[in-house]
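So the chains spell out like this:
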Amino acid sequence: MRKPIIAGNWKMHKTVSESVGLCEALDRAVQDVDIEVVVCPPFTALSAVCALAMRKVKIGAQNVSIAESGAFTGEISPLMLVDVCCSYVIIGHSERRQHFGETDAMVNKKVHLALQHGLRPIVCVGESLMQRRAGETEAVVVSQTKAALAGIAQEQVPDIVIAYEPIWAIGTGETASADDANEVIGTIRKTIAEIYGQETAGRIRIQYGGSVKPDNIRELMAQPEIDGALVGGASLDLKGFTAIVRYHEQQQS
Ligand code: PGA
């Protein structure tokens, strides 16, 4: 059985004190839930939230450098993330690919480096609206998945989380239908099975991301291939994110 994992990507939001307040309250609100809960605050808040005595919520970063140290002005190395307490790191988010020129090769380098330092990557893959309309969704996610995992040893694969995030669904209020998301995630798992075998593919967790909200999480999580969610906007609010994490308590409609 794969343990569900719900992660909040705060993007470029929240001050240090806001981050501390939300982490403390969230940790209290989700303590008893049998789901892995991760939040990814901005870099500036990482050491403050890491200093909190949180019992449940784990901390991730939103990005990591392709290098361990050296003359890379403005970059944050995996060693620094481990040093503060991060256990996860988002790699290859579509906003980084789109706005900061992150390539498949860089994503792959980051995945290697993160794993080498004991950080669990949350690797984002997903197609644009144009690619979806052109019927290229499968080809895009298969090629991004293969590129991200190139050269990764089989025993490291279960430490990786993949987030399928269709770009057109991020921050737009549009969600892939649960069936659609399940199908694409099934394709990603099949791709992993072709490289590493069924057993390994059956262990890797694959999330859906893109306008996940309290009112669509239950249906998404009911899909057999979907192991969790990467949540942007709705993770900034205690009530909303708590309701997402506690989705199993929602009344069946
Ligand atoms: P959203 O963002 O939930 O605001 O659509 C998801 C993400 O970018 O990870």
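Refer to the structure above for everything that follows.
Here's what I pulled together on the structure shown here.

The next point concerns the overall build of the protein chain. Scanning the protein chain from terminus to terminus reveals 11 helices and eight strands. Computed over its C-alpha atoms, the radius of gyration of the protein chain comes to 17 Å, within 12% of the 18 Å expected for a compact globule of 253 residues. Residues counted as buried form 54% of the 253 residues belonging to the protein chain. Summing over all exposed atoms, the protein chain offers an accessible surface of approximately 11400 Å²; the carbon and sulfur share of this is 51%. Here the protein chain holds 24 positive side-chain charges and 30 negative ones, and the gap between their average locations is 3 Å.

Before going further, it helps to examine the state of the cysteines. Note: disulfide means a covalent bond formed between the sulfur atoms of two cysteine side chains. Going through the model one piece at a time under the given rule, you end up with one disulfide. Note on cysteine connectivity: C50 is disulfide-linked to C85, with sulfurs 1.9 Å apart. Where C50 bonds to C85 through sulfur, the torsion about that S-S bond is close to -75 degrees, and the disulfide is left-handed. Here C85 lies in the loop between α3 (78–84) and β4 (88–91) and C50 lies in helix α2 (residues 46–50), a separation of 35 residues in the sequence. The exposure class assigned to C85 is partly exposed, which follows from its relative accessible area of 31%. Here C124 is not disulfide-linked; the sulfur of C40 is the nearest cysteine sulfur, at 9.3 Å. Looking at C124, the relative accessible area reads 3%, which means it is buried.

A few words on the environment of D104. Counting through the fold element by element, D104 comes out in helix α5 (residues 104–116). For D104, a relative accessible area of 28% puts it in the partly exposed group. In the structure, D104 is positioned 77 residues away from D27 in sequence and 34 Å away in space, judged by C-alpha atoms. Leave out the neighbours within four places in its chain, and D104 touches R97, S143, Q144 and A147. Side chain to side chain, D104 and R97 meet in a polar contact 2.7 Å long.

Moving on: the nonpolar core. In terms of nonpolar packing, the biggest core is built from 66 residues, with I6, I59, I160, I188, I192 and Y208 touching the most fellow members. Each residue touching Y208, except ones within four places of it in the same chain, is listed here: Y164, P166, A169, T175, A176, A181, I185, L220, I226, G228, A229 and L230. In this structure, I5, I90, C124 and L230 belong to the second largest nonpolar core, which totals 11 residues.

Cut-offs applied
- Residues numbered from 1 in each chain as written.
- Predicted model: local features only at pLDDT ≥ 70, side-chain atom pairs only at ≥ 80, totals over all residues.
- Heavy atoms only, no water.
- Helix = DSSP H or I, 4+ residues; strand = E, 2+ residues; numbered from the N terminus.
- Rg over C-alpha atoms; globule rule 2.2 N^0.38 Å.
- Buried < 20%, exposed > 50% of the residue type's maximum accessible area, 1.4 Å probe, protein only.
- Areas by Shrake-Rupley, 256 points an atom, 1.4 Å probe, with all protein chains shown as cover.
- Lys, Arg positive; Asp, Glu negative; His and termini not counted.
- Charge placed at Lys NZ, Arg CZ, Asp CG, Glu CD.
- Disulfide = S-S within 2.5 Å.
- Contact = heavy atoms within 4.5 Å.
- Polar contact = N/O pair within 3.5 Å; in protein donor to acceptor, adjacent residues only side chain to side chain.
- Core = buried A, V, L, I, M, F, W, Y, C linked by side-chain atoms within 4.5 Å.

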